Amino acid sequence: MDRGDMRPRGSRPVVVRVPVEPVEAAVEADALDAVARAGDVVVRGPLFGVAAQSREDGPRWRVVLEVTAGCPQQARDGLNSRLWFHAKDRAQDRAERRALLAAVARLEGERVDELEVSGTRYRVVRAEEYAASGPGGMEPPRPTDPEPLVPDWDRAVREPAIDDGLVMDPDAPVTPTRAYEQLALRGLCYTGERFPEDVRTDSRRALDTHPDVLVMPPTFTVVEQTGVGWRPVSGPHATAHSARKSLDFALTWMWPRMRGHIPEDADPRTDARTWVPPDGGDDRRAADLRAAQLAAYAGAADTLRVGRVNRLEFQDAVYQIVRTRRLLRWGPDGPEGPRPSDVNSQDPARIHLRLDEDGRVLPDD
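The model shown is predicted, which means the values in this text are computed figures rather than measured ones.

## Observations regarding the overall build of the chain
Then, number 1: A tally of regular secondary structure across the chain gives seven helices and twelve strands.
Then, number 2: When its C-alpha atoms are laid out on the principal axes, the chain stretches across 75 × 60 × 45 Å.
Then, number 3: Here the chain, with 365 residues, has 46% of them falling under the buried criterion.
Then, number 4: At a minimum sequence separation of 6, the contacts of the chain that also span at least 24 residues come to 72%.
Then, number 5: Working note: accessible area of the chain is about 19,200 Å², and carbon and sulfur atoms make up 53% of it.
Then, number 6: Within the chain, the 61 negative side-chain charges are centred at a point lying 2 Å from the centre of the 52 positive side-chain charges.

Now the structure itself:
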């Protein structure tokens, strides 16, 4: 520790700015209230994405693939696709296309966490997903979190993308509550015996190699209450309403099919609200039972659609929309990448057809 300013050695000072806009002041007040309600931290584990840095970015890094992947290889595969399509559709000349395809070839055969292509550095980055918790359970969406004026439940409507256009700047001034959160989480690492030794070792090492912390924009997840806690039933979403829509989709389309209440080959345009067993398909008692089961799904979805519902009880289970957050560690050379102890769910592989130097797709032998 550097006892002169009580900061970890090599860390940056946190620059605090005072909110001047009424909306931002309201968000700050909301954050203070949230700390009073739920001040504990529950860590779920790492998420991965891809960030890029060009010469004009200075110390900043731009998120080009959202930091939501469950393992490093998923992020590498996402970068593989991004560079392949860039080579196919946007390369300015053969030289740029050759450089892009050389990077793709490396990603097909190696676990590459950083590479440079045509003056741009790409890095697989690692963030820790966590949530706040208190006596009332995990933190729900806050009153100042963005919500649509008129909720749209149409599945065809594209939802906001996570990390869209996000620029990570370690020197940007932050509000007082954000500064408090970043400073409070600098020492966060795995210590419990339930974590393998190599995971704990890597976590302690990261405190020195990447002493700073950036808190990324919040995400929202559907979780289910279990006997020992909560488990996620959806991936992260950019808004609370997007998370509610995912639960609505599960209630009216996915779960009735998974649980045998609607045949998997039923018309995909139908859902638990409208599907009717075909005449003669079931005996009367079975048809009545199925209709009652589907009515229960539709009723739960109707309850969800009444307003900004963040907690739903259905079939002896409790589902909740929770506010999840991500902590990204930062060092002298930028954001932290994957750790040696991070687990990959698959190996590198070729995921696209070959291209020639003119961007033409070659037939696969």
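## Here we look at the environment of Val215
Then, number 1: Turning to its location among the elements, Val215 is positioned in strand β7 (residues 212–215).
Then, number 2: Not counting residues within four places of it along the chain, the set of residues in contact with Val215 comprises Tyr130, Arg178, Glu181, Gln182 and Arg326.

## Points about the pattern of salt bridges
Then, number 1: If you walk through the whole model with that rule in mind, you get 38 salt bridges.
Then, number 2: Between Asp333 and Arg123 there is a salt bridge, with its nearest N and O atoms 2.8 Å apart. In this pair, Asp333 sits in the loop between β11 (317–331) and β12 (334–335) while Arg123 sits in strand β4 (residues 120–134), placing the two residues 210 residues apart along the sequence.
Then, number 3: Residue classification places Asp333 among the partly exposed positions, given a relative accessible area of 46%.
Then, number 4: In this structure, Arg244 engages Glu147 in a salt bridge whose closest nitrogen and oxygen atoms are separated by 2.9 Å. One end of the pair, Arg244, is in helix α6 (residues 240–258); the other, Glu147, is in the loop between β5 (137–138) and β6 (167–168), with 97 residues separating them in the sequence. Here Arg244 and Glu147 have matching classes, each one buried.
Then, number 5: Counted as one network, the salt bridges with shared partners bring together Arg94, Asp356, Asp358 and Arg360.

## Describing the side chain of Arg97
Then, number 1: As for its placement among the helices and strands, Arg97 is situated in helix α3 (residues 94–109).
Then, number 2: Of the side chains with opposite charge, Asp358 lies nearest to the buried Arg97, which makes no salt bridge, at 5.1 Å.
Then, number 3: Here Glu357 takes part through its backbone oxygen, which lies 2.7 Å from a polar atom of the side chain of Arg97.
Then, number 4: Those residues within four positions of Arg97 in sequence are excluded, and the remaining contacts are Ala87, Lys88, Ala91, Asp356, Glu357, Asp358 and Gly359.

## What to know about the packing of α6 against helix α7 (residues 284–304)
Then, number 1: Packing of α6 against α7 brings their axes to within 10 Å, and their N-to-C directions diverge by 170°. With respect to α7, the element α6 is oriented roughly antiparallel. Contacts between α6 and α7 involve Arg244, Leu247, Asp248, Leu251, Thr252, Trp255 and Pro256 on the former and, on the latter, Leu294, Tyr297, Ala300, Ala301 and Leu304.

## A closer look at the environment of Arg158
Then, number 1: Along the polypeptide, Arg158 turns up in the loop between β5 and β6.
Then, number 2: According to the relative accessible area criterion, Arg158 is exposed, its value standing at 77%.
Then, number 3: C-alpha of Arg158 to C-alpha of Ser242: the two residues are 84 residues apart in sequence and 9.5 Å apart in space.

## Details of the packing of helix α2 (residues 72–89) against α3
Then, number 1: Closest axis-to-axis distance for the α2/α3 pair is 9 Å, and the angle between their directions is 155°. When the interaxial angle is binned, α2 and α3 end up roughly antiparallel. Crossing angle aside, the handedness with which α2 passes α3 is left-handed. Between α2 and α3, the contacting residues are Arg76, Leu79, Asn80, Leu83, Trp84, His86, Ala87 and Lys88 on the first element and Glu96, Arg97, Leu100, Leu101, Ala103, Val104, Leu107 and Glu108 on the second.
Then, number 2: Residues that form the contact of α2 with α3 fall into these classes: nine nonpolar, two polar and five charged.

## Looking at helix α5 (residues 197–209)
Then, number 1: If you check α5, its first and last C-alpha atoms are 18 Å apart, about what 13 residues at 1.5 Å a residue would give, namely 18 Å.
Then, number 2: Within the span of α5, buried status applies to Val199, Arg200, Asp202, Ser203 and Ala206. Taken down its axis, α5 places every buried residue within 165° of arc, on the same side.
Then, number 3: Check the buried side of α5 and you find it contacts β11.

## A short note on the nonpolar core
Then, number 1: The biggest cluster of nonpolar side chains holds 24 residues, and the ones touching the most others in it are Leu247, Leu251, Trp255, Tyr297, Phe314, Tyr319 and Ile321.
Then, number 2: Looking at this core, the elements with two or more residues in it are β8 (219–226), α6, α7, β10 (311–314) and β11.
Then, number 3: By residue number, the principal contributor to this core is α6, which donates six residues.
Then, number 4: When sequence neighbours within four positions are dropped, the list of residues in contact with Tyr297 reads Leu251, Trp255, Pro256, Arg259, His261, Ala272, Phe314 and Gln315.
Then, number 5: The next biggest cluster of nonpolar side chains, apart from the first, holds 22 residues, and it includes Ala103, Leu107, Tyr122 and Leu355.

Definitions and limits used
Residues numbered from 1 in each chain as written. Predicted model: local features only at pLDDT ≥ 70, side-chain atom pairs only at ≥ 80, totals over all residues. Heavy atoms only, no water. Helix = DSSP H or I, 4+ residues; strand = E, 2+ residues; numbered from the N terminus. Buried < 20%, exposed > 50% of the residue type's maximum accessible area, 1.4 Å probe, protein only. Contact = heavy atoms within 4.5 Å. Areas by Shrake-Rupley, 256 points an atom, 1.4 Å probe, with all protein chains shown as cover. Lys, Arg positive; Asp, Glu negative; His and termini not counted. Charge placed at Lys NZ, Arg CZ, Asp CG, Glu CD. Salt bridge = Lys/Arg side-chain N within 4 Å of Asp/Glu carboxyl O. Polar contact = N/O pair within 3.5 Å; in protein donor to acceptor, adjacent residues only side chain to side chain. Axes fitted to C-alpha atoms, helices over the stretch in contact; angles between N-to-C directions. Parallel < 35°, antiparallel > 145°, perpendicular 65-115°, else oblique. Left-handed = near helix turned anticlockwise from the far one by under 90°. Nonpolar A, V, L, I, M, F, W, Y, C, P; charged D, E, K, R; others polar. Expected span 1.5 Å × (residues − 1). Arc of directions from axis to C-beta. Core = buried A, V, L, I, M, F, W, Y, C linked by side-chain atoms within 4.5 Å.

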